[in-house]
Amino acid sequence: MENEVKLTAGAMVTFAIAASALVILPYIQVRDVAPPAGLKPYTSAELRGRASYIANGCMYCHSQQPRSESFAPDAQRGWGRASVPGDYVYDKPHLLGSMRTGPDLFNIGVRQPSKDWHLGHLYQPRAYVPGSIMPAYPYLFDVKDQADPGEETLKLPPGHAPAGKVVVPKPEALDLVKYLQALKRDYPVLPPEPRDAAGAQAPAAAAAGKAS
Amino acid sequence: MDSAILSLLGAFLLSILGLFVFIWSLRKGLLVENPKAASVIFARGEIGHADDPALGRAQHQRLAAAVAEPGDTAHPPDAQEIAARIAADRSSAFPVFMFIGFACMWLLLGGIAGLTASLKLHWPDWLVSEAWMTFGRIRTVHLTAVLYGWITNAELGIIIWLMPRLLRTPLLGPMWIMMGGALVNVAIASGIGAIGAGWTDGLEYLEMPWQIGIFFAAGMVCIIVPVMYTLVNRKVESLYVTTWYHTAGLLWITLLFIVGKMPGVHFGVQQAAMNWWYGHNVLGLWFTPVAVGAIYYFLPKIIARPIRSYNLSILGFWTLAFFYAQVGGHHLVGGPVPGWLITLSIVQSMMMIVPVLAFSINMGLTMQGRARLGLYSPTLRFMLFGGLMYLLSSLQGSFEALRSVQQVAHFTHFTVAHAHLGAYGFVTMVLFGAIYFMMPRILHWEWPYPRLIAWHFWLAATGILIYFVGLSYGGWLQGLAMLDASRPFMDSVAVTIPWLQWRSVGGALMVASHLIFVGHFLAMALRFGPTRAGAALFSTKPQALELAHGE
């Protein structure tokens, strides 16, 4: 190879093929996906909560993509049905996640609707889940001698509340919990067309997994 | 259309295409070896003259004696060509020093942030009082600092240094490159500050807010233009394989970044597909080609023998360009994305075995019977370790993409271990070796404490091996526990704890090696330490250091 034009052009062609396959084709394929009838847009409080979910990097340990039963026991763990592209119509940016250091949260609002639980768990996860390695988020709370009028205080399990003080959630914590409570994809969706579905090859993969 | 018919048709078209490529390569004589093109990195008469600037005089003589083979000529290399190379080196010295200096700073910061994040996973109540300290932010600071700060800066430095050398022409427009480097580093610093403050785009590998990303992209353009200008005005006829890898890598990363960062275009699951295409291709089309290109230069240069098969390296380049670019969708296995996209990426992951084997066979044949040279040259040791880890991490990656393996490994620390084997075991080790080779030429000053280089190597190598083995095993256990519906989810957390602790041990060794490396770098830049060769810049014979190793 002694021609820099050929080199550059060749490199651009391979790049263009890849970008067409992995960026443009998916764009065309899911461009017209309509939101399922049961899915509501986020409220502004939920969107603020979503922004703190992103700012604090929750998605690095929690996925938001339950998979089909043929692939993994996500449904049996109570994480919900396999998600479909329509579930994500209002998600900007996407928060599918790549790790399950903690459980999937796509349906945490169904599984754990309690606001008190969420607030306390954010303040000290180990007060609710022994052995949890989720960080505590004390900076989302104020610890003071007594609550001001109109403020709500945390009801923490015995032994976890600071002695003689009350714990008051900051607005950021309240919004974050509103977002978590809103993570409910329990409405029905049409099953994806079998050939198009990500899980279509999964039974074969599962069989291969057992064979090996 | 039926997927079976589609895949048969695809296979048919591919075989026809393959046949044409074969006929074309026969006509072009690509199946006949081309030692002349492989020797383009050497000055006339330089083959057989070992070259490792990181060594002291006595050690260098030992290396030269070990490299010598029957049939070598005793003639010194062509002085005129060496002088041209010194001029090329001088033209790039200042920008390269800038990139390497920034890279070292980010390496130190990124390593410490990484170790902090690792410790936080088994000490969850440690450093939680401030928002910027939380795991989700420190982890991202680590990623941005090492990927963009360390690897990208170091690779830019290597590209800018090798380009004039390989083209045998002084670097054109160094001031533009320095401005580009300043913009890139402003973007990295602002990006890290933004992430610490909670301002992020929220996409893995693309966290840097797009407003800051504009500076990064503008900086890359300021670097590409002078590089292309130098390329067009070169004095050498044949482009060495390193030049292709580096030129293509520069163009790829810039385009990737622009496509990935385009605001308001990507949405929903399409954004997820784009996200992982980008995430995988930062490694595949930027880190890997530049590091592979660096091995293709430094390894034969140190042992003073051309690579065995030049044409195999061409095959490696084009197959990497084609296959690697289409990888990434498999990160969404089982997810709500079209199945064909995942399958395509899995197939191309397996196809990546072709370029990896092309590289490994080539290096294996070049090093055949010469592996003991690694004992004499720490720079070569870094390159050999990196090359071997490239083979291992790529083969692992190919098989890890398979659905049956991903069923266990997906969403676990196994993937994290794999990513570190590639980015650290392979890429970072190669960058270390290249910096040890380049710096004496850039600063005209020898490494003051050569023993530290060996310490650096062994700490880093032991660290990454502990990290990789421990975390892979822990990640696999985690995956098995998650897959077993009869076990509670918390089991999958509990089984990983001892291995997360081992990861911190490995990480601490790696950070210790960085402290040694950066300290050594500073000692050299500030002219500390015993004067061994003296500064060629102030000596009466400015070429003494360069020629000392050529003779």
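In short, a report on the structure. Just so it is clear, the model here is predicted, and its values are computed rather than measured. (Residues numbered from 1 in each chain as written. Chains lettered and ligands numbered in written order. Predicted model: local features only at pLDDT ≥ 70, side-chain atom pairs only at ≥ 80, totals over all residues. Heavy atoms only, no water.)

### Describing the overall build of chain A
So, step 1. In terms of regular secondary structure, chain A is built from six helices and two strands.
So, step 2. The helix and strand sequence of chain A, counted from the amino end, reads α-α-α-α-β-β-α-α.
So, step 3. When contacts within chain A are restricted to residue pairs at least 6 apart in sequence, those whose partners lie at least 24 apart make up 69%. (Helix = DSSP H or I, 4+ residues; strand = E, 2+ residues; numbered from the N terminus. Contact = heavy atoms within 4.5 Å.)

### Some points on the environment of His142 of chain B
Residue and element names in this part refer to chain B.
So, step 1. Looking at the element boundaries, His142 is found in helix H5 (residues 135-167).
So, step 2. Along the primary structure His142 and Arg234 are separated by 92 residues, whereas in three dimensions their C-alpha atoms are 39 Å apart.
So, step 3. Polar contacts involving the side chain of His142 include one to the main-chain carbonyl oxygen of Gly110, which spans 2.8 Å.
So, step 4. At a separation of 3.5 Å, a polar atom in the side chain of His142 contacts the main-chain amide nitrogen of Gly114. (Polar contact = N/O pair within 3.5 Å; in protein donor to acceptor, adjacent residues only side chain to side chain.)

### Concerning the packing of aromatic side chains
So, step 1. Taken as a whole, this structure holds 43 aromatic pairs over all chains when the rule is applied.
So, step 2. Taking 6.1 Å as the distance between ring centres and 15° as the angle between the ring planes, the aromatic pair formed by Tyr245 of chain B and Tyr296 of chain B counts as stacked. Of this pair, Tyr245 of chain B sits in helix H8 (residues 241-261) while Tyr296 of chain B is found in helix H9 (residues 268-303), placing the two residues 51 residues apart along the sequence.
So, step 3. Members of the aromatic cluster, each reached through a chain of ring pairs, are Tyr240, Trp244, Tyr245, Trp252, Tyr296, Tyr310, Phe317, Trp318, Phe359, Tyr390 and Phe426 of chain B.
So, step 4. In this arrangement the basic side chain of Arg139 of chain B is found over the ring face of Tyr60 of chain A, its NZ or CZ atom lying 3.9 Å from the centre.
So, step 5. Just above the ring of Phe457 of chain B sits the side chain of Arg381 of chain B; from NZ or CZ to the centre is 5.3 Å. (Phe/Tyr/Trp six-rings, centres within 6.5 Å; stacked < 30°, edge-to-face > 60°. Lys NZ or Arg CZ within 6 Å of the ring centre and 35° of its normal.)

### Description of the nonpolar core
So, step 1. Within the largest apolar cluster, 183 residues are counted, with the highest numbers of intra-cluster contacts made by Trp150, Tyr278 and Phe298 of chain B.
So, step 2. When residues in this core are grouped by element, the largest group, 23 residues, is from H9 of chain B.
So, step 3. Leaving out residues up to four positions away in the same chain, Tyr278 of chain B has contacts with Tyr148, Tyr205, Leu206, Ile253, Leu256 and Phe257 of chain B.
So, step 4. Ranked by size, the runner-up nonpolar core spans 27 residues in total, among them Tyr42, Tyr123, Tyr137 and Leu176 of chain A. (Core = buried A, V, L, I, M, F, W, Y, C linked by side-chain atoms within 4.5 Å. Buried < 20%, exposed > 50% of the residue type's maximum accessible area, 1.4 Å probe, protein only.)

### Brief notes about the interface of chain B and chain A
So, step 1. Counting residues at the interface gives 93 residues for chain B and 78 residues for chain A.
So, step 2. Buried area between chain B and chain A, summed over both chains or domains, comes out near 7,100 Å², and the portion from carbon and sulfur atoms is 69%.
So, step 3. Scanning the region where chain B abuts chain A turns up two salt bridges.
So, step 4. We note a salt bridge from Arg234 of chain B to Glu4 of chain A, for which the minimum N-O separation is 2.7 Å.
So, step 5. Viewed at the interface, chain A and chain B are joined by 18 residue pairs in polar contact (both at pLDDT 80 or more).
So, step 6. Here the side of chain B that touches chain A takes 11 residues from H9 of chain B, the largest share from any one element.
So, step 7. Class assignment for the residues of the side of chain B that touches chain A results in 53 nonpolar, 27 polar and 13 charged. (Buried area = accessible area lost by both parts, 1.4 Å probe. Salt bridge = Lys/Arg side-chain N within 4 Å of Asp/Glu carboxyl O. Nonpolar A, V, L, I, M, F, W, Y, C, P; charged D, E, K, R; others polar.)

### Side note on the pattern of salt bridges
So, step 1. Applying the stated rule across the entire model yields 27 salt bridges over all chains.
So, step 2. Linked through salt bridges whose partners overlap, the residues forming this network are Glu46, Asp51, Arg85, Lys301 and Arg441 of chain B.

### Things to note about the packing of helix H2 (residues 44-55) of chain A against helix H5 (residues 171-182) of chain A
Residues and elements named next belong to chain A.
So, step 1. Relative orientation of the contacting elements H2 and H5 amounts to 100°, with a least axis distance of 7 Å. Our classification of the angle between H2 and H5 gives roughly perpendicular. Taken together, the residues of H5 that come into contact with H2 (itself represented by Ala45, Glu46, Arg48, Gly49, Arg50, Ser52 and Tyr53) are Glu172, Asp175, Leu176, Lys178, Tyr179, Leu180 and Ala182.
So, step 2. Class assignment for the residues of the contact of H2 with H5 results in six nonpolar, two polar and six charged. (Axes fitted to C-alpha atoms, helices over the stretch in contact; angles between N-to-C directions. Parallel < 35°, antiparallel > 145°, perpendicular 65-115°, else oblique.)

As far as function goes, none of this settles anything; it's purely spatial.
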